[in-house]
Every structure is written in C-alpha cells, then in structure tokens.
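Spelled out, the chains give:
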Amino acid sequence: MSGIVQDPPAAPAAGVPPETRGAAGIDPGRFSGLGRHVAAPLLLGAAALILWQGAVWVLEIEPFIVPGPLAIAESFADNAANVMGAAVVTGVNAAVGLVLGAVLGVAAAVAAAAVPALDRLAAPVVVALSVIPIVALAPVLYTMFGADQQATRQVVAGIAVFIPVYVNSLRGFRQVKPVHRDLMRSYAAGKWQITRSVTLPSAVPYMFTGLRIASSLAVVSALIAEYFGGPVGGLGKSVTSAASSSNYTLAWAYVLGAVLLGLLFYAVTAALEKYFSRHTGGS
C-alpha cells in the first residue's frame, strides 16, 4: 500500500528504446496518444459547428429559432463581462452545492458501509431524493429560505450532487476484500485505522466517478433553480431575461457561458481525480 511502503520507480515503457526518450526521460509516444485524445473531440466539435453554421446560412434559419455559432460567439464577446459576472454567481452556488453534497454523500456512504442496517434504512430516502423534480423543489425551497437568498440554489445543487456521490462511494467501500481488513485487524488496527488505510484508498476511484458525474449536475441544478425564481443574477436568470426580451442570440451566449462553466467543473474534478488516484495507489 502506498503511504506505508514507498512505490518503486516506474519502469521504462516496453518497446521504447532509451535513446528515443527526451531529456527528462519522457516517452514521446505519450504525447502522440494525448494528441489523439484531444484532437478527436476538437475535430468533431469543429465539424458540428461548421455544419450548424452552414445550416443556418443555407436554410436561412431565423435567430429566434436558433442563431448561428458566429452570431453567438459575437454576442458572447460583446457581453463577456455580463456573461462572466453571471457565471461567477452560478459557479459559486454550484461549487457550494458540490462541496456540501460531496461531503455529506461520502460521510453517509461511510456510515452505511459500516452499519448495514443503516444502508437498508437509507435506501428509500436516497431513491426518493433521486426522483424529486427540481422544478417542484425550487419554489418550495424559495418559500422556506426566502426569494432573495442564494441558499435555495445551493441546496438544490447539493441534493443533486449527494445522490451519485453516495451511490458510487458506497459501492467503492464494498469493494474492499475481507482479507485486507483481516490483515489490518491482525495488526490490532481499529475501525478508523482500517477505514483510513484500506477502505478509503480503495474507494477513491469510485468516489471520484460519482464526483465527476455530480460536477455537471451541480451546474445544471443551479441553473434550473435560477430559472424558476430567486434573486437576480446567475446564468439561468440571465437566459430567462434575454429570451423574454426577444434577444435570443444573447440568451444563447449565456447558454455558451453555462457550457463553459460545466466544462470547467468537469475538468477540475477530473484533475483532482488524477491527482488523488496517483497519491493513493489508484489507477
């Protein structure tokens, strides 16, 4: 286990002669593989945008139906300050919900894994939370917390995050082999020591799988909560305002801001997953 015994230095990649490596011992093949992974989605996205713009030109689609990517990009650039300001509001709400939901989800999964009876009691509650529609929940929470508070949006995001984090974390905790726990008990390790040294490191990949799913859900949930009321500010409210004033290109510019915000959340959680997996012996 890494953290108890230091891992040995990584062996050279098979089939790659040492003389073909860079000054730092870096395999050039890794960069070509990374290039393929990055280039493929970029090329697909570029092709989709070209087809979209071409369809708008050829079919003479009106902006109130769907504007072209060039018009959206121009509106995004002209209103960059407003889009960024709204993205900050939504991003803060989504981030607060993401942190709260993730912490509660992992804590609940730890408790459910340690006490099977608690898992059976919590299962109906988790199922009920997973099927609550945000469009019905947001107005109720605005009544509870007040229409001028951001707490509703954060709670909605937290509930959406809690479900995938809890389910995936609980599955990860159950993947630990009994022989590993028995080995720790033979060394007189307590329950917390076993959880910290064996259970948590084994569950890290599952926890971050749930977190990657939850990162996008946090942004989407915060957007929907903004759309159905609350204080002025945020991308959801901005989309509503722009569409109600028939400025559809600006509304799509705010949608583009929401897409970029969701990608940012996903990229951050993916980077955290890679970092913690490397430092806990995960893949």
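The rules we used
Residues numbered from 1 in each chain as written. Predicted model: local features only at pLDDT ≥ 70, side-chain atom pairs only at ≥ 80, totals over all residues. Heavy atoms only, no water. UniProt positions renumbered as here; feature names shortened; annotations may be inferred. Axes fitted to C-alpha atoms, helices over the stretch in contact; angles between N-to-C directions. Helix = DSSP H or I, 4+ residues; strand = E, 2+ residues; numbered from the N terminus. Parallel < 35°, antiparallel > 145°, perpendicular 65-115°, else oblique. Contact = heavy atoms within 4.5 Å. Nonpolar A, V, L, I, M, F, W, Y, C, P; charged D, E, K, R; others polar. Patch = residues over 30% accessible without salt bridge, like charges linked within 9 Å, V, L, I, M, F, W, Y side chains within 5 Å. Areas by Shrake-Rupley, 256 points an atom, 1.4 Å probe, with all protein chains shown as cover. Salt bridge = Lys/Arg side-chain N within 4 Å of Asp/Glu carboxyl O. Buried < 20%, exposed > 50% of the residue type's maximum accessible area, 1.4 Å probe, protein only.

An unreviewed UniProt entry annotates the protein chain as ABC transporter permease subunit originating from Arthrobacter koreensis. UniProt, in the comment section headed Sequence similarities (unreviewed entry), describes the protein chain in these words: "Belongs to the binding-protein-dependent transport system permease family." Turning to the protein chain, the UniProt annotation filed under Subcellular location (unreviewed entry) states: "Cell membrane".

Looking at this structure, how should I read the packing of helix H3 (residues 80–114) against helix H4 (residues 116–130)?
Helix-helix packing: each pair is described by the crossing angle between the helix axes and the interaxial distance. Two numbers describe how H3 lies on H4: the axes approach to 5 Å, and their chain directions differ by 125°. The orientation of H3 with respect to H4, classified from their angle, is oblique. Residue-level inspection shows Ala111, Ala112 and Ala114 of H3 in contact with H4, the latter providing Pro116, Leu118 and Asp119. Of the residues assigned to the contact of H3 with H4, the class counts are five nonpolar, no polar and one charged.

Please clarify how the UniProt feature "transmembrane region" (unreviewed entry) in the protein chain should be interpreted in this entry.
Per the UniProt entry, the sites bearing "transmembrane region" (unreviewed entry) are residues 38–59, 94–118, 125–145, 206–228 and 248–268 in this numbering. For residues 206–228, the end-to-end C-alpha separation is 33 Å, with 96% helix and 0% strand making up the annotated structure. Helix makes up 100% of residues 248–268 and strand 0%, with an end-to-end C-alpha separation of 30 Å.

In this structure, what is going on with a nonpolar patch on the surface? I would like to understand it.
Taken together, the side chains of Trp252, Val255, Val259, Leu260 and Leu263 make up a nonpolar region of the molecular surface, amounting to roughly 420 Å² of accessible area. On the basis of relative accessibility, which here comes to 33%, the residue tryptophan 252 falls in the partly exposed class.

How should I be thinking about unusual backbone geometry in this particular structure?
Backbone phi values are negative for most residues with the exception of glycine, while trans is the configuration of most peptide bonds. Despite not being glycine, glutamate 60 shows a phi value in the positive range, around 55°. Along the polypeptide, glutamate 60 turns up in the loop between helix H1 (28–59) and helix H2 (69–78). Under the relative-accessibility criterion, glutamate 60 is labelled exposed at 64%. For serine 246, which is not glycine, the phi torsion reads 65° and is therefore positive. Counting through the fold element by element, serine 246 comes out in the loop between helix H9 (235–244) and helix H10 (248–279).

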